[in-house]
Amino acid sequence: MTVTQADIETYQRDGVVCLRGVIDGAWIARLREGVEQDLAAPGPDVEIYTKGDDPGLFFNDFDLWRHVPAMKAFAFEGPCAGIAARLMGSKTITFMYDHLFLKEPGTLGLTRWHQDQPYMAVDGWQFCSNWIPLDSIVAATTLEFIRGSHRWKRWFAPFDSMRDGSPHPSKVFERTPDIEAARQDYDIVSWQLEPGDCLFFHGLMVHQGRNNPRLDTRRRTLSHRWLGDDARFILRDPPAEFPKHPTTLRSGEPFRSDPRFPVIIAG
Ligand SMILES: O=C(O)CCC(=O)C(=O)O
């Protein structure tokens, strides 16, 4: 079994677990091809955060599974949905979306400290992300987490849009503290990873994605968002950024009520 009892306990206690060698080389090769396909013909929501003379390229695309067959095959048939179910203790898994974070060599594109769930119209505890590197990841390029922050009972406002820096108008979410300025006050954990390894983390984990200062290596990573048994749609004010497109869902409904969100494990 890919997921041990110790992995489940680590995920539940720390909010993040690193699993080694769970995605085989054939999948990695298909996903890399899928990235090239997406770069050549991105989806309708693509966002490029590098501007003008900025070094590198910080390319983000969403819902790749809708237009890249390899991404769909991986989400539906790959190992991650099953792993998410085991870690979250969920009988069912519904797929919310996938997200490509591509930081080409030399890119200064920090994904600043944040939690995922405030960006999402998702209520409930059984909601997780996985992060799959398609290149070697070193300390300077990795994802960092504050261990146990999923249990803080705090929700931080999505950071000011990476595009214009304007403050998020939420009345219920707190401002994110300046974690970077006080790193020594936090229990920060991270891993060096090889293709085939991946991280699973709770939707309320505080984390940041580092730049890609290396000039010799791309930083291609894929994130998936997985919904478990108790996850429900919630209409936020202002509306959450994800899902990106209008849905028929009403607050309190499970995502599977909208066929745009496929059930991968029916329970
Ligand atoms: O890869 C990155 O830089 C950020 C990834 C991330 O924050 C996420 O998947 O939630």
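Up top is the structure these notes are about.
Residues numbered from 1 in each chain as written. Predicted model: local features only at pLDDT ≥ 70, side-chain atom pairs only at ≥ 80, totals over all residues. Heavy atoms only, no water.

(A) Broad picture of the environment of aspartate 197. By the element assignment, aspartate 197 lies in the loop between strand S9 (188-190) and strand S10 (198-202). With 88 residues separating them along the chain, aspartate 197 and glycine 109 place their C-alpha atoms 23 Å apart. Those residues within four positions of aspartate 197 in sequence are excluded, and the remaining contacts are Leu19, Arg20, Gly21 and Pro133. (Helix = DSSP H or I, 4+ residues; strand = E, 2+ residues; numbered from the N terminus. Contact = heavy atoms within 4.5 Å.)

(B) How the structure looks around the side chain of glutamate 144. On the secondary structure map, glutamate 144 appears in strand S8 (residues 143-146). Given the relative accessible area of 5%, glutamate 144 is considered buried. At 2.7 Å, the side chain of glutamate 144 and the side chain of arginine 183 are in polar contact. Not counting residues up to four positions away in its chain, the partners in contact with glutamate 144 are Trp113, Arg183, Ile188, Val189, Ser190, Val206, His207, Gln208 and Arg210. (Buried < 20%, exposed > 50% of the residue type's maximum accessible area, 1.4 Å probe, protein only. Polar contact = N/O pair within 3.5 Å; in protein donor to acceptor, adjacent residues only side chain to side chain.)

(C) Representation of the side chain of histidine 207 within the structure. Its place among the elements puts histidine 207 in strand S11 (residues 207-209). Looking at histidine 207, its side chain comes within polar contact range of the side chain of aspartate 116, at 3.3 Å. When neighbours within four sequence positions are excluded, histidine 207 is seen to be in contact with Arg112, Trp113, His114, Gln115, Asp116, Leu143, Glu144, Phe145 and Phe201.

(D) Local environment of the packing of aromatic side chains. Following the criterion strictly, the structure yields 14 aromatic pairs and no others. For the pair phenylalanine 233 and phenylalanine 255, a centre-to-centre distance of 5.8 Å together with 65° between the ring planes defines the contact as edge-to-face. On the criterion of sequence distance, the pair formed by phenylalanine 233 in strand S13 (residues 232-233) and phenylalanine 255 in the loop between S13 and strand S14 (263-265) is long-range, its members being 22 residues apart. Taken together, the aromatic side chains of Trp65, Phe76, Phe95 and Trp226 make up a single cluster linked through ring pairs. A cation over an aromatic ring shows up here: lysine 72 above the ring of phenylalanine 76, its NZ or CZ 5.5 Å from the ring centre. Between lysine 244 and the ring centre of phenylalanine 62, over which it is positioned, the NZ or CZ distance is 4.4 Å. (Phe/Tyr/Trp six-rings, centres within 6.5 Å; stacked < 30°, edge-to-face > 60°. Lys NZ or Arg CZ within 6 Å of the ring centre and 35° of its normal.)

(E) Focus on the site of the ligand. Lining the immediate environment of the ligand, one finds 14 residues, of which Lys103, Thr111, Asp116, Trp131 and Ser223 sit closest. In this structure, an oxygen atom belonging to the ligand sits 2.8 Å away from a side-chain N or O atom of lysine 103. Side-chain polar atom of histidine 114 to an oxygen atom of the ligand: 3.2 Å apart, as the coordinates give it. Compared with its free state, where it exposes 290 Å², the ligand has 99% of that area covered by protein. Counting atoms within 2 Å of the grid points, the majority share of the ligand lands in the largest pocket. Elements that contribute at least two residues to the shell around the ligand include exactly strand S4 (93-103), strand S5 (111-114), S11 and strand S12 (219-227). If you tally residues by element for the shell around the ligand, the top one is S12, at four residues. Class assignment of the residues belonging to the shell around the ligand gives a composition of four nonpolar, six polar and four charged. (Near = heavy atom within 4 Å. Areas by Shrake-Rupley, 256 points an atom, 1.4 Å probe, with all protein chains shown as cover. 1 Å grid on protein atoms, 1.4 Å probe; cavity = no way out; pocket = protein on both sides within 12 Å on 5 of 7 lines; lining within 4 Å. Sits in = over half its atoms within 2 Å of the grid points. Nonpolar A, V, L, I, M, F, W, Y, C, P; charged D, E, K, R; others polar.)

(F) Fine view of the nonpolar core. Judged by nonpolar contacts, the single largest core of 38 residues is most densely connected at Ile23, Met71, Leu87, Ile93, Ile132, Phe200 and Trp226. Ranked by the residues each element gives to this core, the list is headed by helix H4 (residues 80-88), at seven residues. Those residues in contact with leucine 87 that sit more than four places away from it in its chain are Val3, Asp7, Ile8, Tyr11, Gln12, Val17 and Phe200. Grouped together as the second largest cluster of nonpolar side chains are 17 residues, Tyr119, Ala121, Phe255 and Phe261 included. (Core = buried A, V, L, I, M, F, W, Y, C linked by side-chain atoms within 4.5 Å.)

(G) Representation of the sheet that holds S11 within the structure. Spatial strand order, S5-S11-S8-S9: four strands in an open sheet with antiparallel pairing. Sheet topology places S5 and S9 at the edges, where each strand pairs with a single neighbour. For this sheet, the mean inter-axis angle between neighbouring strands, taken without regard to orientation, is 15°. By the bridge criterion, three bridges tie S8 to S9 in an arrangement that is antiparallel. Residue isoleucine 146 lies in a different strand from S9, and its bridge partner there is isoleucine 188. (Pairing = 2+ DSSP bridges. Axes fitted to C-alpha atoms, helices over the stretch in contact; angles between N-to-C directions.)

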